[in-house]
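Architecture at a glance
In case you want the letters, here they are:
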Amino acid sequence: MTKCLLAFALSVPLCGHCQSYANSPFYRTTSAVPSTAHVEGWEHGSIKANGIVIDLSESVPWSSPDIDEIRGWSVGSWVDRNSPAHTFHFYIQYDHMNPVVVFGYDLLVEPVKGTDKIKCTFSALTDPESRLTLRNKDVAPVALSADLSPVVIKSGDALSITTLPLGQGKIASVHYLRLTRIDLAPDSDSTH
């Protein structure tokens, strides 16, 4: 009986605001980032981990009548270089939602030897050095999928991540991660 109640509780989105990732990955591969997506505070090439540039951009549903539900968020990221496998930590916190909602993840990106591919392994958000200072540590991040099997993409392609749909049938905020291997990137390509 307890297992049934726990399964039900985990499958119901928090106050109808967050997506349940219980049965599928929260990310999808894509070869193109929409031209309407914009960079949110990170300069191209400023985030690097394991010889891979991680470019972040987002597509926010500004025209949605429900945008006020998510307006005013905190965001943070950093790369932990304390071990040979550098881990990228990212979160977005919707500060004005009631209750506050935090979405976050850790990402390990690794070049696949002998190819132009990148292996991407997601896991639950950690912050071993407490560098995500604006994040409300009293709020547990949205639970990610139980199946976080690694995905392999081509260098220069992207992953799209739906961070917070505003409920059934509503427009979602989508983040994009374009991943580019430094060892394969042409020196003249500084505007990508």
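Our subject is the structure listed above.
Let me begin by describing the structure that accompanies this report. This one's a predicted model, so the numbers in the text were calculated from it and none came from an experiment.

1. Points about the nonpolar core
- Judged by nonpolar contacts, the single largest core of 32 residues is most densely connected at Tyr105, Phe122 and Leu179.
- Trp78, Tyr91, Leu132 and Val139 belong to the second-largest nonpolar core, a separate cluster that totals 6 residues.

2. Details of the pattern of salt bridges
- On inspection of all chains with the given rule, the structure shows 3 salt bridges.
- A salt bridge links Arg131 to Glu129, with the shortest nitrogen-to-oxygen separation between them at 3.9 Å.
- A relative accessible area of 46% means that Arg131 is categorised as partly exposed.
- According to the relative accessible area criterion, Glu129 is partly exposed, its value standing at 36%.

3. Thoughts on the sheet that holds strand E7 (residues 117–123)
- One open sheet accounts for 5 strands, arranged E4-E5-E6-E7-E8; its pairing is antiparallel. Bordering the open sheet on either side are strand E4 (73–80) and strand E8 (151–154), each of which pairs with just one other strand. Across the sheet, the mean angle from the axis of one strand to that of its neighbour is 25 degrees, orientation sign disregarded.

4. A few points about unusual backbone geometry
- One non-glycine residue, Asn50, lies in positive phi territory at about 55 degrees.
- Looking at where Asn50 falls in the secondary structure, it is placed in the loop between strand E2 (48–49) and strand E3 (52–59).
- We note that Ser130 has phi near 55 degrees; this positive angle belongs to a residue other than glycine.
- Structurally, the position occupied by Ser130 is in the loop between E7 and E8.

5. Things to note about the pairing of E4
- Along E4, 6 of the 8 residues are buried, which leaves the element largely enclosed by surrounding structure.
- Direction of pairing for E4 relative to strand E5 (residues 87–94): antiparallel, over a ladder of 8 bridges. Bridging across to E5, Gly76 finds its partner in Tyr91.
- Counting the residues in the hairpin turn of E4 and E5 gives 6 residues.

6. Description of the environment of Gly45
- Within the fold, Gly45 resides in the loop between strand E1 (27–30) and E2.
- Through-space distance from the C-alpha of Gly45 to that of Thr180 is 9.2 Å; in sequence the pair is 135 residues apart.
- Gly45 has contacts with Val53 and Asp55, leaving out every residue within four places of it along the chain.

7. Regarding the packing of aromatic side chains
- The final tally for this structure, using the stated rule, is 6 aromatic pairs.
- Measuring from ring centre to ring centre gives 6.4 Å for Phe88 and Phe90, while their planes differ by 25 degrees; the resulting arrangement is stacked.
- Judged by relative accessible area, Phe88 falls into the buried class, the value being 0%.
- With centroids separated by 6.1 Å and ring planes inclined at 65 degrees, the aromatic side chains of Phe103 and Tyr105 adopt a geometry described as edge-to-face. With respect to burial, Phe103 and Tyr105 carry one shared label: buried.
- Through a chain of ring-to-ring contacts, the aromatic side chains of Tyr27, Phe88, Phe90, Phe103, Tyr105 and Phe122 assemble into a single cluster.

8. Topic: the side chain of Ser160
- Inspection of the secondary structure puts Ser160 in strand E9 (residues 158–165).
- The class of Ser160 is buried, set by a relative accessible area of 15%.
- Discounting residues that sit within four places of it in the chain, Ser160 has contacts with Phe26, Tyr27, Arg28, Thr30, Val174, His175 and Tyr176.

Conventions adopted
Residues numbered from 1 in each chain as written. Predicted model: local features only at pLDDT ≥ 70, side-chain atom pairs only at ≥ 80, totals over all residues. Heavy atoms only, no water. Core = buried A, V, L, I, M, F, W, Y, C linked by side-chain atoms within 4.5 Å. Buried < 20%, exposed > 50% of the residue type's maximum accessible area, 1.4 Å probe, protein only. Salt bridge = Lys/Arg side-chain N within 4 Å of Asp/Glu carboxyl O. Pairing = 2+ DSSP bridges. Helix = DSSP H or I, 4+ residues; strand = E, 2+ residues; numbered from the N terminus. Axes fitted to C-alpha atoms, helices over the stretch in contact; angles between N-to-C directions. Contact = heavy atoms within 4.5 Å. Phe/Tyr/Trp six-rings, centres within 6.5 Å; stacked < 30°, edge-to-face > 60°.

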